[in-house]
Amino acid sequence: YTGRFAPSPTGSLHLGSLLAAVGSFLDARSRGGRWLVRMEDLDRARVVPGSADEILRTLEAFGLLWDGEVEYQSRRTHLYAEALTALRAAGHTFECRCSRRELSVPGEPRPAGGSPYPGTCREAHRQPGNTATRFRIDETETVVFDDRFQGPIALAMGNLGDVIVRRRDGVFAYQLAVVVDDALQAITDVVRGADLLESTGWQIALQRALCLPTPRYAHLPLLLEQSGDKLSKSRRSAAL
Ligand code: GLU
């Protein structure tokens, strides 16, 4: 068993992130497994200086002690570049020039119920340039897996759409990086918040395209604000 906690250092941990950390920590320790910490710090514009260290000190303060060295995604970009090259070579990607406004999709991962990418650039055969790179999903495919907490899950890839793996500004996207790292760090069990349940469809499809193993998944229920919104760093939920 190898588990992991993979925070984005974009602010202080809040109670929702602690729930995910405790869940994955206890699951790992109860099975005599290893528990790794990985900083998902690829989006330099959103990273808050000092917050990676603050997160580590917070984990320590709660007794959530990790094994081995903390990995930083910002030091591993050559690995994501290799994966992107492999995806491209196998014809799993296309270059996309659509702006967010044209798509009226408020960023990715999309909120549940948002519309999937409409496929505008799919057959355009563009060269990489001032473009984002999207992973071409198979819209006839349904990704099926057994979530240890949520039960049997079936995600129709046509409802998810072609996901960005490299942004127009050159930053590798979360969906690609997480798949590469979970495989290279030999993660057997992903325990995280249910806000990432839908993303698991993309992640399993990417694992198959890259011939990488699929870990077991366990998505924890989310803690919510009194308003019903999810706790988040961007909404400035109270720091731990
Ligand atoms: N970095 C992601 C976040 O903070 C979590 C990624 C994951 O657990 O797969 O939401």
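The rules we used
Residues numbered from 1 in each chain as written. Predicted model: local features only at pLDDT ≥ 70, side-chain atom pairs only at ≥ 80, totals over all residues. Heavy atoms only, no water. Helix = DSSP H or I, 4+ residues; strand = E, 2+ residues; numbered from the N terminus. Buried < 20%, exposed > 50% of the residue type's maximum accessible area, 1.4 Å probe, protein only. Near = heavy atom within 4 Å. Polar contact = N/O pair within 3.5 Å; in protein donor to acceptor, adjacent residues only side chain to side chain. Areas by Shrake-Rupley, 256 points an atom, 1.4 Å probe, with all protein chains shown as cover. Nonpolar A, V, L, I, M, F, W, Y, C, P; charged D, E, K, R; others polar. Pairing = 2+ DSSP bridges. Axes fitted to C-alpha atoms, helices over the stretch in contact; angles between N-to-C directions. Contact = heavy atoms within 4.5 Å. Patch = residues over 30% accessible without salt bridge, like charges linked within 9 Å, V, L, I, M, F, W, Y side chains within 5 Å. Salt bridge = Lys/Arg side-chain N within 4 Å of Asp/Glu carboxyl O.

Caption draft 1: Looking closely at unusual backbone geometry. Even without being a glycine, A186 presents a positive backbone phi close to 55 degrees. Its location among the elements puts A186 in the loop between α6 (174–184) and β9 (189–193). Classification of A186 as partly exposed rests on a relative accessible area of 49%. Positioned with a positive phi, C211 is a non-glycine residue whose angle comes to about 55 degrees. Along the chain, C211 falls in the loop between α7 (199–209) and β10 (216–220).

Caption draft 2: Geometry of the site of the ligand. Near the ligand you find R4, A6, S8, E40, Y174, V178, R192 and L196, and these make up its full shell. In this structure, a nitrogen atom belonging to the ligand sits 2.7 Å away from a main-chain N or O atom of A6. A total of 300 Å² of accessible area belongs to the ligand in isolation, and the protein chains cover 78% of it. For the shell around the ligand, the per-class residue count stands at four nonpolar, one polar and three charged.

Caption draft 3: Layout of the sheet that holds strand β8 (residues 163–166). The three strands are arranged β4-β5-β8 in an open sheet whose pairing can be described as antiparallel. Pairing within the sheet leaves two strands with one partner each, and these edge strands are β4 (93–96) and β8. The sheet shows a mean angle of 45 degrees between the axes of neighbouring strands, direction not considered. Pairing of strand β5 (residues 132–135) with β8, which is carried by three bridges, proceeds in the antiparallel orientation. Its bridge partner lying in β8, F135 is registered against V163. Along the sheet, helix α3 (residues 77–89) makes contact with β4, β5 and β8, crossing β4 at roughly 100 degrees.

Caption draft 4: The pairing of β4, seen in detail. In β4, alternate side chains face the same way, and those of T93 and E95 on one face and F94 and C96 on the other are all buried. By the bridge criterion, four bridges tie β4 to β5 in an arrangement that is antiparallel. Bridged to C96 within β5 is A132.

Caption draft 5: Local environment of a nonpolar patch on the surface. A cluster of nonpolar side chains, namely L15, L19, F62, L223 and L240, defines an oily patch on the protein surface of about 420 Å² accessible area. Checked against the element boundaries, L240 lands in the segment after β10.

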